[in-house]
Amino acid sequence: MLRHTKRFQKPVGTFWRSFVTSVQSKDCKETWRNDLVLKELELKYGDLYRQENVILSGTHTHSGLAGYFQYTLFIITSKGYIKSSIQPIVNGIVKSIDVAHKNMRPGRIFVSKGEIVGSNLNRSPHSYLNNPEEERNRYKSNTDEQIVTLKFTDLDGDGMGVFSWFAVHPVSMNYTNRMVSSDNLGYASYLFEQEKNIGYLPGEGPFVAAFATANSGDVTPNTRGPYCINTGERCDYLNSSCPIGGTRMCVAFGPGNDIFDSTRIIGENIYRKAKELYGSAKQELRGSVHAAHQWVNMTDVTVQLDSTHSVKTCKPALGHSFAAGTIDGGGDLNFTQGAVEGDPFWDGIRDALLGAPSKEIQECQNPKPILFSTGEMNWPFPWHPDIVDVQIITIGSVAIVAVPGEATTMSGRRIREGVKQLEKNAAFTNSEVVITGLCNIYTHYITTYEEYQVQRYEGASTIYGPHTLSAYIQHFRGLARAIAEGKVGELPKGPEPPFFSNLFSLLGEPPVDRSPENTTFGDVLQQVHPVYKVRDKTFVTVEKFHNSTSTWEVVHTDASWETRFYWIKGTANQSNATVEWHIPLSAESGTYRIRHFGHYKQRVIFPVITAYEGSSHTFRVTKTLYSL
């Protein structure tokens, strides 16, 4: 372990991937303003990469950066619109597309699918059971265990990349984690790329492995299920709470001994199946690439249920159960899941601070008891989006449906069926329809009408009301029909969303940094031991010395799974960082060192940011303590 004093000034551990015109990001609880990326692409490539054929899809890790969304609810919960978060993300996405563009060459694509059993769990089974029995009987599980994989090769058959979709929330690194992490899907990507890109650091090799989430809205990787952490008893089935401590004490646990072990297990399961499908893929995709995109005002969509009945969507609103959280992280207050009535205490506070919901929105959102009527809250900016994206890209017989939110298991199934079963058109009947979630903009959850009635967390977070799913299906079917009939050019563009230029940050100016007495920035506070034996749990450096050339080789970075970086903000403007490397059994014997790079802030008339670095003593890694 290496400890030294520092102040960290930049994001760590984030890297990006591109695949043709689809970009996948390791994001936080929201996706974001993609106009910044599209403007950069337009400057470089004209109309080659544009709104219609670029999808920004978040893997949805809950351990990523925040502060890159423009609506008030997310500004408040992310401490503002943080330019130092968004600019590296934009730069990374554009750079990944640049690399993909420069390395583009003729190739072949193969599709395959299989099942991963035991790596996901429905966290709202009571809501799922409210779906029609005859519909549920068509499926063997209350989660989608299907994984769909696209294999990319050049014309000689050499592998170029893989793209996989699996329905699971990346929350193996649960709410207790304070480090940047790409979670289980990111670890699957890491394993696949490390195997294919031998000798490369993470994110730098030619082979790209992208793992996206599918219809994972009600799906957790914490497969041991929820327990009351204060008593060890099972949580209440209906509202996921505990007799003592409420929802905060009800926590689901993964299959491992801790969050790192659980992330490893789930990630390895996904990686192994994707690798198997990659190796056995034989069904080649043939045909053209098509793309269709529309802007939709989701607050005012009329859905025709049959020849005589129609329904409408609503202005956005969040229900009381939204504040209860989930078994992957409950709320701190006395809210519970499954609330179909309001609470006079909290409703009174809301009315005094924000105003009461209108009768119109309450009737439209029924039976949701509204906690925040976000569609009627517009200061200083709208609290939720009205205008959202709907988008489909087809590659031969594969249709990628870009959903701007978190579809539950059954919602995703209905979207897939809705796209495949186009009346009077067989173009999508035999297609493989893939749900890719959290695309382009974030609209919270998408439940079925029946799940919405139960009003657990997912239903309370279905912001456009009980007919949200039907509205999305209607629009996705319209896009699919336009592609099938060759009429994409006739699609109306739809009302474009607003883009706010005067966004603000709620983060204060970082204070200047101080080092303890008789030390300077970069000084090592706790040195490494002179020798380590390779074993499962210990610490090591990330640079290896080569005697033949007298040079140091970087063998791991902060993007490596084996490394961990902790920064603890201390008192009196002093802080400590800890760097760990958990030595893999594959580590080579030799001489190593730890190095750390950072920045500290001083004020000399005006703020000055200064770089520093620290290095440990050299030490040996050996297979046995007797080989010195």
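Treat the numbers as computed from the prediction; the structure is a model and nothing was measured.

Engineer: Help me understand the UniProt feature "binding site: Zn(2+)" (unreviewed entry) in the protein, please; the structure alone is not making it clear to me.
Structural biologist: Annotation from UniProt places "binding site: Zn(2+)" (unreviewed entry) at His 60, His 169, Glu 406 and Tyr 445. Separation in sequence by 386 residues is not matched in space for these annotated residues, since their most distant C-alpha atoms are only 12.8 Å apart. With respect to the helices and strands, His 60 occurs in the loop between β4 (55–58) and α2 (72–77). Overall, His 60 belongs to the buried group, its relative accessible area being 0%. Locating Tyr 445 in the fold gives a position in strand β25 (residues 445–446). A residue is classified by how much of its surface remains accessible, and Tyr 445, at 1% relative accessible area, is buried.

Engineer: Would you mind showing me how to read the state of the cysteines here?
Structural biologist: Cysteine pairs can be linked by a disulfide, which is a covalent bond between their two sulfur atoms. Applying the stated criterion across every chain yields a total of 3 disulfides. Covalent S-S linkage joins Cys 228 and Cys 242, the inter-sulfur distance amounting to 2.2 Å. On the sign convention where negative means left-handed, the S-S torsion of about -110° between Cys 228 and Cys 242 marks this disulfide as left-handed. With a gap of 14 residues between them, Cys 228 in strand β11 (residues 225–228) and Cys 242 in the loop between β11 and β12 (250–253) connect regions that are remote in the sequence. Note on accessibility: Cys 228 and Cys 242 belong to one class, buried. Residue Cys 235 pairs covalently with Cys 250 via a disulfide, S to S 2.3 Å. Judged by the sign of its S-S torsion, about 120°, the cystine formed by Cys 235 and Cys 250 is right-handed.

Engineer: Sorry, what's going on with the side chain of Glu 580 here?
Structural biologist: Inspection of the secondary structure assignment puts Glu 580 in strand β31 (residues 575–581). Although Glu 580 lies buried, it forms no salt bridge, and the closest oppositely charged side chain, Arg 564, sits 4.4 Å away as judged by the N-O distance. There is a polar contact of 2.9 Å between the side chain of Glu 580 and the side chain of His 582.

Engineer: Could you clarify how one ought to interpret the pattern of salt bridges in this entry?
Structural biologist: It is possible for side chains of opposite charge to pair when their charged atoms get near one another. All told, the structure shown has 30 salt bridges when counted by the stated rule. Across the pair Arg 123 and Glu 458 runs a salt bridge whose closest N-O atoms are separated by 2.9 Å. One end of the pair, Arg 123, is in the loop between β6 (121–122) and α4 (125–128); the other, Glu 458, is in helix α12 (residues 457–460), with 335 residues separating them in the sequence. For the salt bridge of Arg 350 with Asp 347, the shortest nitrogen-to-oxygen distance reads 3.3 Å. Of the two residues, Arg 350 and Asp 347 both sit in helix α8 (residues 344–353), 3 residues apart, roughly one turn of that helix. Summarising the burial analysis for this pair, Arg 350 and Asp 347 share the class buried.

Engineer: When you look at the sheet that holds strand β7 (residues 146–154) in this model, what are you seeing that I'm missing?
Structural biologist: Where strands meet in a sheet, backbone hydrogen bonds hold them as pairs that are either parallel or antiparallel. Read from one edge of the open sheet, 5 strands run β9-β8-β7-β5-β13, paired in mixed fashion. On the outer flanks of this sheet lie β9 (208–213) and β13 (283–284), each paired with one strand and no other. As paired strands, strand β5 (residues 107–115) and β13 are joined by 2 bridges and run antiparallel to one another. Paired with Val 111 across the strands is Gln 283, a residue of β13. In the packing of helix α6 (residues 183–196) onto the sheet, the strands contacted are β8 (159–166) and β9, and the crossing angle to β9 comes to about 160°. With respect to the sheet, helix α7 (residues 259–280) is in contact with β5, β7, β8 and β9, its orientation differing from that of β7 by roughly 50°.

Cut-offs applied
- Residues numbered from 1 in each chain as written.
- Predicted model: local features only at pLDDT ≥ 70, side-chain atom pairs only at ≥ 80, totals over all residues.
- Heavy atoms only, no water.
- UniProt positions renumbered as here; feature names shortened; annotations may be inferred.
- Helix = DSSP H or I, 4+ residues; strand = E, 2+ residues; numbered from the N terminus.
- Buried < 20%, exposed > 50% of the residue type's maximum accessible area, 1.4 Å probe, protein only.
- Disulfide = S-S within 2.5 Å.
- Lys, Arg positive; Asp, Glu negative; His and termini not counted.
- Salt bridge = Lys/Arg side-chain N within 4 Å of Asp/Glu carboxyl O.
- Polar contact = N/O pair within 3.5 Å; in protein donor to acceptor, adjacent residues only side chain to side chain.
- Pairing = 2+ DSSP bridges.
- Contact = heavy atoms within 4.5 Å.
- Axes fitted to C-alpha atoms, helices over the stretch in contact; angles between N-to-C directions.

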